[in-house]
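Chain by chain, the residues run as shown.
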Amino acid sequence: EAVRALMPSHSSAVEVGVGTGRFAAPLGIGTGVEPSHAMAALARRRGIEVVEAVAEDLPFADGAFDLVLMVTTVCFLDDVDRAFDEAHRVLEQGGHFILGFLDREAPLGSRYEARKEESDYYRIARFVSSEDMLVGLERAGFGDLVAVQTIFEPPEDMEERSPVEPGQGRGLFVVVRGRRAVHQPQWKGEAPACQSSS
């Protein structure tokens, strides 16, 4: 629901780090990038067209998509800055990048950090902060940043779905949407003369 809250309309989208397709399939994203052969196979069963590659070296042309999604992937990347640069490169002007991650600075973040050795999934993860992610997105050229957050209590204690609230800093799971700027063409030299139709 947090990801859906920031999803723009799109016609060509890719999820980087698609995993088993758990997010891409219900969100209507038909293309994914995944380095794990086993996970890629599961995503393909969900109808996702998967390219086996890494976020830091996307095998797509410049401006190929109008939406790039990356959920719970950033904590496993070797080079976050390069991955953000690649996401920016494969987006068309005006396209959106949506990033979902666990915020280590949130009240629950320190708990996940302390217990990650107990998890087969998060044992090799490097948790990140919202501040670092916002700075990294701006450095890569994304603007119009907006964030939502959710999961304010331990999941095992939740009796109902956690609300999705604006901003970051309190919720464990944060979703940020950024946009690749639309560059206006600039005239070089003199402007063409207007011709009268009289």
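Predicted, not measured: the structure shown is a model, and the values here were computed from it. (Residues numbered from 1 in each chain as written. Predicted model: local features only at pLDDT ≥ 70, side-chain atom pairs only at ≥ 80, totals over all residues. Heavy atoms only, no water.)

What to know about unusual backbone geometry
So, step 1. Positioned with a positive phi, Thr72 is a non-glycine residue whose angle comes to about 45 degrees.
So, step 2. When you line up the elements, Thr72 lands in the loop between β4 (65–71) and α4 (80–90).
So, step 3. Unusually for a residue other than glycine, Asp144 sits at a positive phi of about 55 degrees.
So, step 4. For Asp144, the location among the structural elements is in strand β6 (residues 142–150). (Helix = DSSP H or I, 4+ residues; strand = E, 2+ residues; numbered from the N terminus.)

Quick word on the pairing of β4
So, step 1. With seven of its seven residues buried, β4 lies for the most part within the structure.
So, step 2. Alignment of strand β1 (residues 13–16) against β4, held across three bridges, turns out to be parallel. By the bridge assignment for β4, Val14 is matched with Val68.
So, step 3. The pairing of β4 with strand β5 (residues 91–102) spans six bridges and is classified as parallel. Counted as the bridge partner of Phe65 is Leu91 from β5.
So, step 4. Traced from β4 through α4 to β5, the parallel crossover comes out right-handed. (Buried < 20%, exposed > 50% of the residue type's maximum accessible area, 1.4 Å probe, protein only. Pairing = 2+ DSSP bridges. Right-handed = clockwise from strand over helix to strand, strands pointing away.)

Here we look at the nonpolar core
So, step 1. Residues Val68, Val74, Phe84, Phe97, Leu99 and Phe101 are the most contacted members of the largest nonpolar core, which totals 28 residues.
So, step 2. Taken together, the elements giving at least two residues each to this core come down to β1, β4, α4, β5, α6 (130–139), β6 and β8 (173–180).
So, step 3. With near-sequence residues (within four places) excluded, Val74 lies in contact with Val80, Phe84, Leu99, Phe101, Val128 and Met133.
So, step 4. One finds Val3, Leu6, Val71 and Val175 within the second-largest nonpolar core, a separate group that totals 24 residues. (Core = buried A, V, L, I, M, F, W, Y, C linked by side-chain atoms within 4.5 Å. Contact = heavy atoms within 4.5 Å.)

Section: the side chain of Glu34
So, step 1. Mapped onto the elements, Glu34 comes out in the loop between β2 (31–33) and α3 (37–45).
So, step 2. In this structure, Glu34 is buried with no salt-bridge partner, the nearest side chain bearing the opposite charge being Arg44 at 9.9 Å.
So, step 3. A polar atom in the side chain of Glu34 sits 2.7 Å from the backbone nitrogen of Gly19.
So, step 4. Of the polar contacts made by the side chain of Glu34, one reaches the backbone nitrogen of Ser36; its length is 3.0 Å. (Lys, Arg positive; Asp, Glu negative; His and termini not counted. Salt bridge = Lys/Arg side-chain N within 4 Å of Asp/Glu carboxyl O. Polar contact = N/O pair within 3.5 Å; in protein donor to acceptor, adjacent residues only side chain to side chain.)

Details of the confidence of the model for the chain
Atomic detail in the predicted coordinates should be set aside for any region of low pLDDT.
So, step 1. A residue-level look at the chain finds 89% of positions with pLDDT of 70 or above and a mean pLDDT of 90.
So, step 2. This stretch, residues 191–198, has a pLDDT under 50; its non-local contacts, to residues over four places away or in other chains, come to one contact. (pLDDT = per-residue confidence, 0-100.)

Regarding the packing of aromatic side chains
Working definition: an aromatic ring pair is given by the centre-to-centre distance plus the angle between the planes.
So, step 1. The full count for this structure, using the stated rule, is three aromatic pairs.
So, step 2. Relative to Phe65, the ring of Phe60 lies with its centre 4.9 Å away and its plane at 90 degrees, an arrangement referred to as edge-to-face. In this structure, Phe60 and Phe65 share a single accessibility class: buried.
So, step 3. Ring centres of Phe84 and Phe97 lie 5.7 Å apart, and the angle between their planes is 75 degrees; this geometry places the pair in the edge-to-face category. One end of the pair, Phe84, is in helix α4; the other, Phe97, is in strand β5, and 13 residues separate them in sequence. (Phe/Tyr/Trp six-rings, centres within 6.5 Å; stacked < 30°, edge-to-face > 60°.)

Details of the pattern of salt bridges
So, step 1. The final tally for this structure, using the stated rule, is eight salt bridges.
So, step 2. Measuring nitrogen to oxygen at the nearest pair gives 3.8 Å for the salt bridge that ties Glu1 to Arg161. Of this pair, Glu1 sits in the segment before α1 (2–6) while Arg161 sits in the loop between β6 and β7 (165–166), and the two are 160 residues apart along the sequence. Accessibility classification places Glu1 together with Arg161 in one group, the exposed group.
So, step 3. Among the ionic pairs, Arg104 bridges to Asp132, the shortest N-O distance being 3.5 Å. Here Arg104 is found in the loop between β5 and α5 (109–115), whereas its partner Asp132 is found in helix α6, with 28 residues between them in sequence.

With respect to the sheet that holds β1
Through backbone hydrogen bonds, the strands of a sheet pair up, either in parallel or in antiparallel fashion.
So, step 1. Reading across from one edge, β3-β2-β1-β4-β5-β8-β6-β7 is the order of the eight strands in this open sheet, with mixed pairing throughout. In this open sheet, the two edge strands, each paired with only one partner strand, are β3 (49–51) and β7.
So, step 2. Contacts from α4 reach β4, β5, β6 and β8, with the element oriented near 145 degrees to β5. (Axes fitted to C-alpha atoms, helices over the stretch in contact; angles between N-to-C directions.)

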